[in-house]
Amino acid sequence: MTTIQILYVFGTIGIFDTLYLIYHKLAGTDVACPFFPKEWCRKVQYSPQSKTFGIPNSYAGFAMYAIILWLTMQYAAGTGLFWPIQAVVTFGFLFSMYFLYVQAFVLRAFCTWCVLSAINFTVMLLAVWALA
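Let me begin by describing the structure that accompanies this report.

## Observations regarding the overall build of the chain
Next, step 1: Helix and strand counts for the chain stand at five helices and two strands.
Next, step 2: Taking 2.2 N^0.38 as the reference for a compact globule, 132 residues should give roughly 14 Å; the C-alpha atoms of the chain span a radius of gyration of 15 Å, in line with that estimate.
Next, step 3: C-alpha extents for the chain along the principal axes are approximately 45 × 25 × 25 Å.
Next, step 4: Looking at the chain as a whole, 42% of its 132 residues qualify as buried.
Next, step 5: In the chain, the share of contacts with a sequence separation of at least 24, taken over all contacts with a separation of at least 6, comes to 72%.
Next, step 6: With an accessible surface of roughly 7300 Å², the chain has 74% of that area assigned to carbon and sulfur atoms.

## Things to note about unusual backbone geometry
Next, step 1: The backbone of F35 sits at a positive phi, close to 80 degrees, despite the residue not being glycine.
Next, step 2: On the secondary structure map, F35 appears in the loop between α1 (3-27) and α2 (38-45).
Next, step 3: The residue R108 is not glycine, and still its phi comes out positive at about 55 degrees.
Next, step 4: For R108, the location among the structural elements is in the loop between α4 (83-107) and α5 (112-131).
Next, step 5: Given the relative accessible area of 60%, R108 is considered exposed.

## Notes on the pattern of salt bridges
Next, step 1: Under the counting rule described, the total for this entry stands at one salt bridge.
Next, step 2: One salt bridge connects R42 with D30, and the closest N-O pair in it is separated by 2.8 Å. Here the residue R42 occupies a position in helix α2, and D30 occupies one in the loop between α1 and α2, the gap between them amounting to 12 residues.

Criteria and cut-off values
Residues numbered from 1 in each chain as written. Predicted model: local features only at pLDDT ≥ 70, side-chain atom pairs only at ≥ 80, totals over all residues. Heavy atoms only, no water. Helix = DSSP H or I, 4+ residues; strand = E, 2+ residues; numbered from the N terminus. Rg over C-alpha atoms; globule rule 2.2 N^0.38 Å. Buried < 20%, exposed > 50% of the residue type's maximum accessible area, 1.4 Å probe, protein only. Contact = heavy atoms within 4.5 Å. Areas by Shrake-Rupley, 256 points an atom, 1.4 Å probe, with all protein chains shown as cover. Salt bridge = Lys/Arg side-chain N within 4 Å of Asp/Glu carboxyl O.

Pasting the structure below:
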């Protein structure tokens, strides 16, 4: 699989991941919590750390995935540069690693959807730096 294909696949997974979280944020309902105890996802979902500067993290994640996909389309069409993709992916990776740290050491609870996003950004980081 090429770097561009990886970005398309994992960027799309990220869009659906964040849309799921946004839906539950707007609906005020609990997310499903496969692989972890239900109370862990609930703890993460409603924690003060679920927002950054008052913005729900799922909104920021959606924006990053959308920007990555848009930049990837521009690059694939020959009208964009690669380094902005690397920059946004790297920022997203660092953002998700910070939230994994918060889940592990501050909240002591993990959310399936946050872990999925961290996996996505890890794969994309490897793709844009190791495979590029």
